[in-house]
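Below, each chain spelled out in residue letters.
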Amino acid sequence: MQVSENAVVSIHYTLKDDNGATVDSSIGKEPLSYLHGRKNIISGLENALTGKNVGDKLSVTIPPEEAYGNYDEALIQVLPREAFGGVEDIQVGMQFYSESPEGVQMITIKEVNGDQITVDANHPLAGQTLHFDVEIMDVREATEEELQHGHVHDGSHHH
Ligand code: ZN
(Lines give C-alpha, C1' and ligand atoms only; values in the text may rest on other atoms or scores of the structure.)
Protein backbone atom coordinates (compact mmCIF):
# COMPACT_ATOMS: atom_id res chain seq x y z
CA MET A 1 0.00 0.00 0.00
CA GLN A 2 0.99 3.59 -0.49
CA VAL A 3 1.98 5.99 2.24
CA SER A 4 -1.25 7.82 3.00
CA GLU A 5 -3.30 9.29 5.83
CA ASN A 6 -3.53 6.89 8.81
CA ALA A 7 -0.99 4.39 7.45
CA VAL A 8 1.71 3.12 9.79
CA VAL A 9 4.98 3.75 7.99
CA SER A 10 8.37 2.28 8.92
CA ILE A 11 11.44 4.02 7.59
CA HIS A 12 15.18 3.84 7.84
CA TYR A 13 16.63 7.32 7.77
CA THR A 14 19.83 9.25 8.07
CA LEU A 15 19.59 12.92 9.00
CA LYS A 16 22.41 15.28 8.08
CA ASP A 17 22.81 18.98 8.74
CA ASP A 18 23.84 21.61 6.22
CA ASN A 19 27.52 20.78 6.77
CA GLY A 20 26.96 17.14 5.86
CA ALA A 21 27.45 15.96 9.44
CA THR A 22 25.21 13.08 10.52
CA VAL A 23 22.86 14.24 13.28
CA ASP A 24 20.81 11.09 13.68
CA SER A 25 20.31 7.77 11.94
CA SER A 26 18.23 4.62 12.33
CA ILE A 27 20.78 2.49 10.47
CA GLY A 28 21.82 -0.43 12.66
CA LYS A 29 18.71 0.05 14.81
CA GLU A 30 15.03 -0.71 14.40
CA PRO A 31 13.36 1.38 11.70
CA LEU A 32 11.32 4.34 12.87
CA SER A 33 7.58 3.65 12.74
CA TYR A 34 5.08 6.50 12.80
CA LEU A 35 1.42 7.19 12.05
CA HIS A 36 1.19 9.15 8.81
CA GLY A 37 -0.86 12.34 8.77
CA ARG A 38 -0.79 12.91 12.54
CA LYS A 39 2.24 15.16 12.84
CA ASN A 40 4.26 12.37 14.52
CA ILE A 41 7.20 13.53 12.42
CA ILE A 42 8.16 16.92 10.98
CA SER A 43 5.81 18.15 8.28
CA GLY A 44 8.46 18.45 5.55
CA LEU A 45 9.35 14.78 5.83
CA GLU A 46 5.74 13.67 6.14
CA ASN A 47 4.80 15.57 2.97
CA ALA A 48 7.73 14.10 1.04
CA LEU A 49 6.67 10.56 1.96
CA THR A 50 3.01 10.89 0.97
CA GLY A 51 2.20 8.60 -1.97
CA LYS A 52 5.47 6.66 -1.78
CA ASN A 53 5.72 2.85 -1.60
CA VAL A 54 7.67 0.18 0.24
CA GLY A 55 11.21 0.03 -1.12
CA ASP A 56 11.23 3.64 -2.31
CA LYS A 57 14.34 5.61 -1.41
CA LEU A 58 14.36 9.37 -1.32
CA SER A 59 16.60 12.26 -0.41
CA VAL A 60 14.77 15.27 0.97
CA THR A 61 15.98 18.73 1.90
CA ILE A 62 13.72 20.40 4.42
CA PRO A 63 13.81 24.10 5.36
CA PRO A 64 13.48 25.08 9.04
CA GLU A 65 9.85 26.19 8.57
CA GLU A 66 8.88 22.59 7.75
CA ALA A 67 11.25 21.07 10.29
CA TYR A 68 11.90 22.42 13.81
CA GLY A 69 11.11 26.08 13.14
CA ASN A 70 13.25 29.17 12.90
CA TYR A 71 15.60 30.10 15.70
CA ASP A 72 13.74 32.37 18.13
CA GLU A 73 15.82 34.70 20.32
CA ALA A 74 12.78 35.14 22.59
CA LEU A 75 13.21 31.55 23.74
CA ILE A 76 16.45 32.44 25.49
CA GLN A 77 15.79 33.16 29.15
CA VAL A 78 17.73 33.77 32.34
CA LEU A 79 16.51 31.64 35.24
CA PRO A 80 17.53 31.61 38.91
CA ARG A 81 19.52 28.57 40.01
CA GLU A 82 16.59 27.57 42.31
CA ALA A 83 14.61 26.75 39.17
CA PHE A 84 16.88 23.72 38.83
CA GLY A 85 16.22 22.45 42.35
CA GLY A 86 18.04 19.18 42.94
CA VAL A 87 20.58 19.58 40.16
CA GLU A 88 23.93 20.07 41.89
CA ASP A 89 26.29 20.76 39.05
CA ILE A 90 24.74 22.80 36.25
CA GLN A 91 26.99 23.00 33.22
CA VAL A 92 26.83 24.60 29.80
CA GLY A 93 25.40 22.16 27.26
CA MET A 94 23.27 20.20 29.73
CA GLN A 95 19.74 19.56 28.56
CA PHE A 96 16.55 19.36 30.60
CA TYR A 97 12.91 18.73 29.84
CA SER A 98 10.60 21.42 31.17
CA GLU A 99 6.83 21.79 31.28
CA SER A 100 5.46 24.80 29.47
CA PRO A 101 1.99 25.91 28.36
CA GLU A 102 2.85 24.49 24.90
CA GLY A 103 3.76 21.10 26.34
CA VAL A 104 7.05 19.52 27.24
CA GLN A 105 10.05 21.24 25.73
CA MET A 106 13.74 20.61 25.93
CA ILE A 107 15.94 23.41 27.20
CA THR A 108 19.69 23.66 26.84
CA ILE A 109 21.98 25.46 29.29
CA LYS A 110 23.75 28.25 27.39
CA GLU A 111 25.57 30.07 30.17
CA VAL A 112 26.15 29.75 33.90
CA ASN A 113 26.91 32.95 35.75
CA GLY A 114 26.72 32.46 39.52
CA ASP A 115 23.04 31.96 40.31
CA GLN A 116 21.95 33.23 36.91
CA ILE A 117 21.41 30.41 34.45
CA THR A 118 20.82 31.25 30.80
CA VAL A 119 18.72 28.66 29.01
CA ASP A 120 17.70 28.22 25.38
CA ALA A 121 14.33 26.58 24.71
CA ASN A 122 14.82 26.41 20.95
CA HIS A 123 14.85 22.88 19.58
CA PRO A 124 18.49 21.88 19.04
CA LEU A 125 17.71 21.72 15.30
CA ALA A 126 15.80 25.03 15.15
CA GLY A 127 16.92 27.24 12.30
CA GLN A 128 18.57 24.36 10.48
CA THR A 129 17.93 23.03 7.02
CA LEU A 130 17.76 19.25 7.31
CA HIS A 131 18.80 16.62 4.79
CA PHE A 132 17.15 13.22 5.07
CA ASP A 133 18.01 10.03 3.22
CA VAL A 134 15.03 7.75 3.69
CA GLU A 135 14.13 4.20 2.70
CA ILE A 136 10.58 3.01 3.20
CA MET A 137 10.70 -0.42 4.86
CA ASP A 138 7.03 -1.12 5.53
CA VAL A 139 3.58 0.42 5.17
CA ARG A 140 0.52 -1.05 6.88
CA GLU A 141 -2.95 -0.06 8.03
CA ALA A 142 -3.11 1.38 11.52
CA THR A 143 -5.13 -0.48 14.15
CA GLU A 144 -8.25 1.07 15.65
CA GLU A 145 -6.37 1.71 18.88
CA GLU A 146 -3.46 3.38 17.11
CA LEU A 147 -5.87 5.70 15.31
CA GLN A 148 -7.52 6.61 18.61
CA HIS A 149 -4.19 7.32 20.28
CA GLY A 150 -2.70 9.09 17.27
CA HIS A 151 0.53 7.10 17.39
CA VAL A 152 2.06 3.70 16.66
CA HIS A 153 2.11 0.84 19.17
CA ASP A 154 5.07 -1.06 17.74
CA GLY A 155 8.20 -2.01 19.62
CA SER A 156 8.71 -0.48 23.03
CA HIS A 157 5.59 1.68 23.08
CA HIS A 158 2.68 -0.07 24.83
CA HIS A 159 -0.07 1.32 26.96
ZN1 ZN B 1 -0.92 4.72 22.62
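Further up the page is the structure itself.
Owing to the predicted nature of the structure, the values given are computational and were not obtained by experimental measurement. (Residues numbered from 1 in each chain as written. Predicted model: local features only at pLDDT ≥ 70, side-chain atom pairs only at ≥ 80, totals over all residues. Heavy atoms only, no water.)

**Side note on the packing of aromatic side chains**
The line we're drawing: For Phe, Tyr and Trp, where Trp contributes only its six-membered ring, two rings pair if their centres lie within 6.5 Å, and the inter-plane angle classes them as stacked under 30 degrees, edge-to-face over 60, or tilted in between. Helix and strand definitions here come from DSSP, where helices need a minimum of 4 consecutive H or I residues and strands a minimum of 2 consecutive E residues; each element is numbered from the N-terminal end. Relative accessibility decides the category of a residue: with a 1.4 Å probe and only protein chains considered, values under 20% of the type maximum give buried, values over 50% give exposed, and everything between is partly exposed.
All told, the structure shown has two aromatic pairs when counted by the stated rule. On the numbers, 6.3 Å between centres and 55 degrees between planes, the contact of Tyr13 with Phe132 is tilted. Here Tyr13 is found in strand 1 (residues 7-16), whereas its partner Phe132 is found in strand 9 (residues 130-141), with 119 residues between them in sequence. Accessibility expressed as a relative area gives 13% for Tyr13, which makes it buried. In this structure Phe132 comes out as buried when scored by relative accessible area, which is 7%. Between Phe84 and Phe96, the ring centres sit 5.3 Å apart and the planes meet at 55 degrees, which makes this aromatic pair tilted. Here the residue Phe84 occupies a position in the loop between strand 5 (76-80) and strand 6 (95-100), and Phe96 occupies one in strand 6, the gap between them amounting to 12 residues. Residue classification places Phe84 among the buried positions, given a relative accessible area of 7%. Of the residues examined, Phe96 reaches a relative accessible area of 17% and is grouped as buried.

**Section: the pattern of salt bridges**
Put simply, the rule reads: Think of a salt bridge as a Lys or Arg side-chain nitrogen and an Asp or Glu carboxyl oxygen that are within 4 Å of each other.
A complete count under the given rule lists three salt bridges for this structure. Among the ionic pairs, Asp120 bridges to Lys110, the shortest N-O distance being 3.8 Å. Of this pair, Asp120 sits in strand 8 (residues 116-120) while Lys110 sits in strand 7 (residues 103-113), and the two are 10 residues apart along the sequence.

**Concerning the nonpolar core**
What counts, and what does not: Only buried residues count toward a nonpolar core, which is a set of Ala, Val, Leu, Ile, Met, Phe, Trp, Tyr and Cys residues joined through side-chain atoms within 4.5 Å. Residue contacts are defined here by distance: any two heavy atoms, one from each residue, within 4.5 Å place the two residues in contact.
Of all hydrophobic cores here, the largest spans 22 residues; its most connected members are Ile11, Leu45, Leu49, Phe132, Val134 and Ile136. Every element with two or more residues in this core is listed here: strand 1, helix 1 (43-49), strand 4 (57-62) and strand 9. Ignoring sequence-local partners within four residues, the contact set of Leu49 consists of Val3, Ile11, Tyr34, His36, Ile41, Leu58, Val134 and Ile136. Core analysis: the next-biggest nonpolar cluster, separate from the first, contains eight residues, Ile90, Ile117, Val119 and Ala121 among them.

Structural measurements only, silent on function.
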